[in-house]
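Observations on the model geometry
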Amino acid sequence: MSSTKTPVRVRFAPSPTGHLHVGGIRSALFNWLWARHNDGKFILRLEDTDRKRLVEGAADQIYASHDALGITPDEGPVQGGPYGPYIQSERLEIYARYATQLLESGALYPCWCTPERLDGLRQEAQKAGTAFKYDRYCLKPGNQLAEAEPHVLRFRIPEVPESIGWDDAVRGRLDFKLADLDDFVAIKADNFPTYHFANVVDDHLMKISHVLRADEWLPSTPKHLLLFQAFDWEPPTYAHLPAVLGPGGGKKLSKRDGAQSVQEYLDEGYLPEALRSFLASLGWNDGTTQEVYTTPELIGRFTLDRVQKSPAKFDKERLTWMNGLLIRQMPLDELLERSRAFLPPEAKHYDAQYLKAVLRLVQERLKFLSELPELTEFFFADPASAEPHEWLPQIIAALEPSDFTEADLETRLRALTTELDTKPGLLFGLIRHAVTGRTAAPGLFETLHVLGHGTTLRRLRNNQF
RNA sequence: GGUCCCAUCGUCUAGCGGUUAGGACGCUGCCCUCUCACGGCGGUAACAGGGGUUCGAAUCCCCUUGGGACUACCA
């Protein structure tokens, strides 16, 4: 594998047709990792040649997702670069120029066939049980219309060689027979290029060294290779990445089967580093039993020959576990900073010292940051008062003189357990519910210590008559 | 239908001719324990099937089966 081909320049080329889901960002991440691994460049290119499917704001979402994940492109629509513009709709003259070149060489030819006629042909092929291939009607003498009439430019699949193939960096040798290929459209009637054409021209002009893309592109790679050949350009190294499947079925991950956008995961409080490590494990591993990787580790170890051939399902439970693990390992100061946007609104009335004391208690219980309000609410606001209990006066009497250190709290409450001749589970559970409104919360002594004398006693009294 | 790709526990995966088929998530038993978590120690669970090649196949080849992608003037 010529992974040392320098300089390494890779691109992620999404079309702005909706949210960038986790499968898409996985491709972006692999490209980014390969670029970083080789001290190369990661390029973002917007493939907006389908005017009908454009979604407003989608491009900005794509940029934002990259930034939020920490995989900002080196070159792209936002940062610019020496091979711009990086938005295909702004490169129309370039495509037109190269289309003309192929038109003159005979690799491309005009076709005036209507969608209706083509549909008919497809139906016939369907009925006959054969693959549809354009019948080259417009190539036959006498069938040409005026240049001014709406037409597309088709690529003429050559008769030789018999087959075309490439050494895929993850799949190995792949060959396709030219006879099975259709004269695909390179330039549409609206003068926009199709993916195939724009993609090849841009990859060449932008000096892309490796194309890492989802394997749904595998069947169209021969077309791209043929285009490179027609231009007499050297194609990049291709590496087709395994699909990311939705949790539900064996289908390709897509918006409709619950695939969430990157932004949604971030909004739920999944950490960028967790997402990076998890996403990297979808279709890649370094051959060891290590489960979680720091980003520098990922960069250092990411190689194409360790990329999986078979598809991977997106297992959110595993992501959640990884996220919780990373939260637990996080220094408290950092956790505080990253929690700010998730803490309940009342938290803003408390100082950093108090917030850290609270976070220290919930840190090991946190799986993702948006759980924070639910987990910490009672540290900032009194819960609804519970049913009064006969032990309450004695509890208050025992706690009133306490200095509220954890040790003192424990001593007094254990003594009270003996005094009342009851089990810790019963007494502590009662106090916990009275003070926090919960049956499940951090350790009682720690909780009361953080809450302090005033708050604790006030809440206990609220439960009395 | 046609072309192509893929195939180890439910899931992510290790394995690249000789292993009691390993790790992790999940589920689960025990321990810790004031609840919930965390943590520790166990358990559950896989080479899709059939032919070859070989002294020996999860590993190599073929077939079958299953899954998937593509088959647009979408990417």
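Described below are features of the structure shown in this document. Since we're looking at a predicted model, the values are computed, not measured.

A few points about the sheet that holds strand E7 (residues 185-187)
As summarised here, the arrangement of the three strands in space is E3-E4-E7, forming an open sheet in which the pairing is antiparallel. Edge positions in the sheet fall to strand E3 (108-111) and E7, since each has one partner strand and no second. Each strand of the sheet is rotated relative to its neighbour by a mean of 45°, with strand direction disregarded. By the bridge criterion, four bridges tie E3 to strand E4 (residues 152-155) in an arrangement that is antiparallel. Looking at the pairing, leucine 108 lines up with phenylalanine 155 of E4.

As for the protein's contact with RNA strand B
If you check the shell around RNA strand B, you find 64 residues, and the closest are Arg171, Lys188, Asn285, Glu364 and Arg365. Across the atoms of RNA strand B situated within 4 Å of the protein, the share located in sugar and phosphate is 71%. With respect to RNA strand B, the backbone of glycine 283 contributes an N or O atom lying 2.5 Å from a phosphate oxygen. Sorting the residues of the surface near RNA strand B by element identifies helix H4 (115-128), strand E6 (172-177), strand E11 (312-313), helix H10 (316-328), helix H16 (424-436) and helix H17 (444-462) as the ones contributing at least two each.

Brief notes about the environment of leucine 399
Within the element layout of this structure, leucine 399 appears in helix H14 (residues 392-399). For leucine 399 and leucine 416, which are 17 residues apart along the polypeptide, the C-alpha to C-alpha distance reads 9.7 Å. Those residues in contact with leucine 399 that lie beyond four places of it in its chain are Phe404, Leu409, Leu413, His453, Thr456, Leu457 and Leu460.

Considerations on H10
Taking 1.5 Å of rise per residue, 13 residues should cover 18 Å, and H10 covers 18 Å from first to last C-alpha, within 8% of that figure. Turning to H10, its buried residues are Leu319, Thr320, Met322, Asn323, Gly324, Leu326 and Ile327. Looking at the buried residues of H10, the elements they touch are helix H7 (262-267), helix H8 (272-280) and helix H11 (332-339).

Some thoughts on the nonpolar core
By size, the foremost hydrophobic cluster in this structure holds 95 residues, and its most contacted members are Leu279, Phe314, Phe379, Ile395, Leu413 and Leu460. Leaving out residues up to four positions away in the same chain, phenylalanine 314 has contacts with Val22, Val244, Leu245, Pro247, Tyr265, Phe278, Leu279, Leu282 and Leu319.

Remarks on unusual backbone geometry
The omega torsion across glycine 84 and proline 85 is -5°, close enough to zero to call that bond cis. With respect to the helices and strands, the residue proline 85 is situated in the loop between helix H2 (58-69) and helix H3 (92-105). In this structure, proline 161 follows valine 160 across a cis peptide bond, with omega equal to -5°. Checked against the element boundaries, proline 161 lands in the loop between E4 and strand E5 (163-168). In this structure, arginine 136 is a non-glycine residue whose phi angle is positive, near 60°.

Looking at the pattern of salt bridges
This model, assessed by the stated rule, comprises 33 salt bridges. Here arginine 9 makes a salt bridge to glutamate 75, at a shortest N to O gap of 2.8 Å. Of the two residues, arginine 9 sits in strand E1 (residues 9-12) while glutamate 75 sits in the loop between H2 and H3, which places them 66 residues apart along the sequence. Owing to a relative accessible area of 6%, arginine 9 belongs among the buried residues under this scheme. Classification of glutamate 75 as buried rests on a relative accessible area of 4%. Note that arginine 461 and glutamate 400 form a salt bridge whose closest N and O atoms lie 2.8 Å from each other. With a gap of 61 residues between them, arginine 461 in helix H17 and glutamate 400 in the loop between H14 and helix H15 (406-419) connect regions that are remote in the sequence.

The rules we used
Residues numbered from 1 in each chain as written. Chains lettered and ligands numbered in written order. Predicted model: local features only at pLDDT ≥ 70, side-chain atom pairs only at ≥ 80, totals over all residues. Heavy atoms only, no water. Pairing = 2+ DSSP bridges. Helix = DSSP H or I, 4+ residues; strand = E, 2+ residues; numbered from the N terminus. Axes fitted to C-alpha atoms, helices over the stretch in contact; angles between N-to-C directions. Near = heavy atom within 4 Å. Polar contact = N/O pair within 3.5 Å; in protein donor to acceptor, adjacent residues only side chain to side chain. Contact = heavy atoms within 4.5 Å. Expected span 1.5 Å × (residues − 1). Buried < 20%, exposed > 50% of the residue type's maximum accessible area, 1.4 Å probe, protein only. Core = buried A, V, L, I, M, F, W, Y, C linked by side-chain atoms within 4.5 Å. Salt bridge = Lys/Arg side-chain N within 4 Å of Asp/Glu carboxyl O.

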